[in-house]
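Observations on chain architecture
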Amino acid sequence: MSSNKDQKNEDTSDSNDAPKVVVTSSDADPMKNIQELLKMLAIDPSKLNNRDNEIKPKNFEEYKFWKTQPIVKFDEKVTTEGPVDNSKTVADIPTSPLPLKAIPGFEWYDVDIENDIDELYQLLNENYVEDQDSAFRFDYSKSFLQWALTCPGYKKEWFVGIRVISSKKLVGFISAIPVTLQVRGKILPSVDINFLCVHKKLRAKRLAPVFIKEITRRVNLCNIWQALHTGGVVLPSPVSVCRYAHRPLNWGKMFDVGFTGLPYNATKTQMIAKYTLSKTTTTPGLRRLELKDLDEALELLNKYQSRFKLIQLFNKEEFKHWFLTIENVIYSYVVEDPKTGKITDFISFYTLPFTILNNNNYNSLNVAYLFYYASDSDFNYPDRFDTEATKVLKKRLSQLVNDACIIARSELHMDVFNALTSQDNSLFLKDLKFGPGDGLLNFYLFNYRTFPMNGGCIADQNYAYDEEHRSDIGVVML
Ligand SMILES: CCCCCCCCCCCCCC(=O)SCCNC(=O)CCNC(=O)[C@H](O)C(C)(C)COP(=O)(O)OP(=O)(O)OC[C@H]1O[C@@H](n2cnc3c(N)ncnc32)[C@H](O)[C@@H]1OP(=O)(O)O
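Residues numbered from 1 in each chain as written. Predicted model: local features only at pLDDT ≥ 70, side-chain atom pairs only at ≥ 80, totals over all residues. Heavy atoms only, no water.

By the naming in an unreviewed UniProt entry, the protein chain goes by Glycylpeptide N-tetradecanoyltransferase and is assigned to Saccharomycodes ludwigii. Turning to the protein chain, the UniProt annotation filed under Catalytic activity (unreviewed entry) states: "N-terminal glycyl-[protein] + tetradecanoyl-CoA = N-tetradecanoylglycyl-[protein] + CoA + H(+)". Its UniProt record gives the protein chain a comment under Subcellular location (unreviewed entry), which states: "Cytoplasm". (UniProt positions renumbered as here; feature names shortened; annotations may be inferred.)

This is how it looks when you write it as structure tokens:
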């Protein structure tokens, strides 16, 4: 989870979340000014970091659980890509669940996504991910959870709960869904792990490792040995790190709830004006994705995705599941060329409200998240990093994402549009006034060694958007 709330001294859309140094003009490039200032003071910018809330990694040996797992150590030099531990077969995997001896009075429970949805929703609504200040908490809706968990090929036994034996109350959860990953061209049958949650009253009792071992066992029993997961927490070892960026759609509300601050050099009226979008979209032929578009849109997406080093492959059934619009969950659009009828672009976003904790006026923030997109605009260039290809794609994506922001605001009443620095996002984030957030998202591959991948932001420059290299990460986790 990420917000702009630590950015009270700067106009977020122009800043790079740099240290809080006074920038004299809102038109100046603050990052440049800061770099110059630091140069004058002979301070290495990479040593400065104002993300006070960043969780500092422990030494590898202090990861009592993770050091026992097939992962890559922090200082390990990867020389060959591939599984960390290749030695096991399904026959080596225990067929009964891990004993819950350490927590008497609790039992494993396979969560039924239809019948138990109220309980699962309540567990997550009250105990799932919060920001550092406990001001906001993810509020995944019931229909969102059903969409996120019941993709083609899902398995009931991969929705793993722990409940109190006497009351049957659900107090913890972890999920796996099947995905086909492609890592630098190599196809890996894998799972996405998500929604790990332990009730607040049962924290710090080493239940998370129990959940992780149990889901690993259940997945391994299906002859799957790799997994993808993401998190703000630093574990050994991220394949890549992306930064969150936030495009205010309803700046006034974001300010009122403490999601964003007022830059020292601006008034509220100026900020509201700055983030006001036009009411109508500008791309001719932009319309909702329909059933009849599935083949063509999937082909376009697959072709676009092939540029990234870590991607999820979708077949038609999966594409249909993940992208056909479900109100208040997932919205997808295509651009149909008005002259040729060809689908030239595709864009999708999902909606994930935040519960606002402890605010008298508001209890929910409406948040849209950029999901997958594709455009054929740079397909004809042999090198997509070439100046002209970059210019063309940047222009197209800026228009497309701006239109998505307009729809999110005008039709769906979203308050903020979030995106990561993954995919080709760093091309448009700054121009479209996405301010850098205070959150980073680490991408992890379980039991797979890879060379590091660009996350679209530059760690040495306080995680500034990396427009030059963009990102190798083409996968988006919910
Ligand atoms: C092939 C198939 C493989 C499948 C498995 C692939 C791996 C999947 C991995 C899971 C991917 C999940 C993806 C998502 O869902 S990310 C969302 C995670 N959920 C939340 O943040 C919700 C709010 N928080 C909680 O519910 C709890 O704080 C959780 C459950 C997160 C930890 O509970 P608690 O706070 O009570 O701690 P503990 O005493 O039980 O356990 C402490 C140990 O747990 C390690 N820890 C803490 N947080 C995380 C974390 N987010 N990923 C991995 N490990 C984590 C920690 O480093 C320590 O290990 P070590 O430092 O001693 O070594």
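Glancing now at the nonpolar core. Core analysis: the largest hydrophobic core is formed by 108 residues, its most contacted members being W147, F319, F323, F346, F349, F417 and F434. Of the domains in this structure, domain 1 (60-231) and domain 2 (240-465) are the two that each give at least three residues to this core. Membership of the second largest hydrophobic core comes to 32 residues, among which are F60, W66, W158 and L207. (Core = buried A, V, L, I, M, F, W, Y, C linked by side-chain atoms within 4.5 Å. Buried < 20%, exposed > 50% of the residue type's maximum accessible area, 1.4 Å probe, protein only. Domains from an automatic or database assignment.)

Before going further, it helps to spend a moment on the UniProt feature "domain: Glycylpeptide N-tetradecanoyltransferase C-terminal" (unreviewed entry) in the protein chain. Under the UniProt annotation, the feature "domain: Glycylpeptide N-tetradecanoyltransferase C-terminal" (unreviewed entry) is placed at residues 256-476. Between the end C-alpha atoms of residues 256-476 the distance is 30 Å, and the span holds 24% helix and 26% strand. (Helix = DSSP H or I, 4+ residues; strand = E, 2+ residues; numbered from the N terminus.)

Following the UniProt record, the feature "domain: Glycylpeptide N-tetradecanoyltransferase N-terminal" (unreviewed entry) maps to residues 83-242 here. Secondary structure content for residues 83-242 is 21% helix and 31% strand, and the end C-alpha separation is 23 Å.

Let us now look at the packing of helix 2 (residues 117-127) against helix 3 (residues 142-149). Helix packing for two helices is described by the angle between their axes and how far apart those axes are. Close contact between helix 2 and helix 3 brings their axes to 10 Å; oriented N to C, the two are set at 105 degrees. On the basis of the axis angle, helix 2 is roughly perpendicular to helix 3. Note on element contacts: helix 3 touches helix 2 through K142, L145, Q146 and L149, opposite I117, D118, L120, Y121 and L124. Taken together, the residues of the contact of helix 2 with helix 3 sort by class into 6 nonpolar, 1 polar and 2 charged. (Axes fitted to C-alpha atoms, helices over the stretch in contact; angles between N-to-C directions. Parallel < 35°, antiparallel > 145°, perpendicular 65-115°, else oblique. Contact = heavy atoms within 4.5 Å. Nonpolar A, V, L, I, M, F, W, Y, C, P; charged D, E, K, R; others polar.)

Our next topic: the site of the ligand. Around the ligand there are 34 residues in total, and K58, L196, A204, R206 and A208 lie nearest to it. Between the ligand and K64 there is a distance of 3.3 Å, counted from an oxygen atom to a backbone nitrogen or oxygen. With respect to the ligand, the backbone of W66 contributes an N or O atom lying 2.8 Å from an oxygen atom. Taking 1200 Å² as the accessible area of the ligand by itself, protein coverage stands at 88%. At the level of elements, strand 5 (186-198), helix 4 (207-220) and strand 6 (226-231) are the ones that each hand at least two residues to the shell around the ligand. Top element by residues in the shell around the ligand is helix 4. It accounts for 7 residues. Per-class residue counts for the shell around the ligand are 22 nonpolar, 7 polar and 5 charged. (Near = heavy atom within 4 Å. Polar contact = N/O pair within 3.5 Å; in protein donor to acceptor, adjacent residues only side chain to side chain. Areas by Shrake-Rupley, 256 points an atom, 1.4 Å probe, with all protein chains shown as cover.)

This part is about the environment of Y444. Inspection of the secondary structure assignment puts Y444 in strand 16 (residues 435-446). Y444 gets classed as buried once you look at its relative accessible area, which sits at 3%. A sequence separation of 199 residues divides Y444 from A245, and the C-alpha atoms of the two residues are 20 Å apart. Setting aside residues up to four positions removed in sequence, Y444 forms contacts with A227, L228, H229, T230, G231, V233, V234, L235, S237, P238 and V239. Looking at Y444, its side chain comes within polar contact range of the main-chain oxygen of V233, at 2.6 Å. A polar contact of 2.8 Å, which involves the side chain of Y444, links it to the backbone nitrogen of L235.

Attention shifts here to the environment of Q423. Looking at the element boundaries, Q423 is found in the loop between strand 15 (416-420) and strand 16. For the pair Q423 and F379, spaced 44 residues apart in sequence, the C-alpha separation works out to 16 Å. Residues within four places of Q423 in sequence aside, it is in contact with F308, F371, Y372, Y373, R470, S471, I473, G474 and V476. Within the structure, the side chain of Q423 is placed 3.2 Å from the backbone oxygen of F371, a separation counted as a polar contact.

Chain-level statistics for the protein chain give a pLDDT mean of 90 and a share of 89% at 70 or above. Below a pLDDT of 50 lies the segment residues 8-32, which in the model reaches 72 contacts outside its immediate sequence neighbourhood of four places, other chains included. Taken together, the stretch residues 34-55 has pLDDT below 50 and engages in 35 contacts with residues farther than four places along the chain or on a different chain. (pLDDT = per-residue confidence, 0-100.)

One frequently used descriptor of interface size is the decrease in accessible area upon assembly of the parts. Segmentation of the protein chain into domains returns domain 1 (60-231) and domain 2 (240-465). If you average the C-alpha positions of domain 1 and of domain 2, the two centres end up 27 Å apart. Taken together, the 49 residues of domain 1 in the interface contact 41 residues of domain 2. For the domain 1 and domain 2 pair, buried surface summed over both sides reaches about 4300 Å², with 63% attributable to carbon and sulfur atoms. Looking only at domain 1, the three residues that lose the most surface to domain 2 are F136, W147 and R184, adding up to 19% of its buried area. Linking domain 1 to domain 2 there are 1 salt bridge. Where R449 meets E76, a salt bridge forms, and the shortest distance between an N and an O atom there is 2.5 Å. Linking domain 1 with domain 2 are 20 residue pairs in polar contact (both at pLDDT 80 or more), by the criterion used here. For the side of domain 1 that touches domain 2, the class distribution of residues is 24 nonpolar, 16 polar and 9 charged. (Buried area = accessible area lost by both parts, 1.4 Å probe. Salt bridge = Lys/Arg side-chain N within 4 Å of Asp/Glu carboxyl O.)

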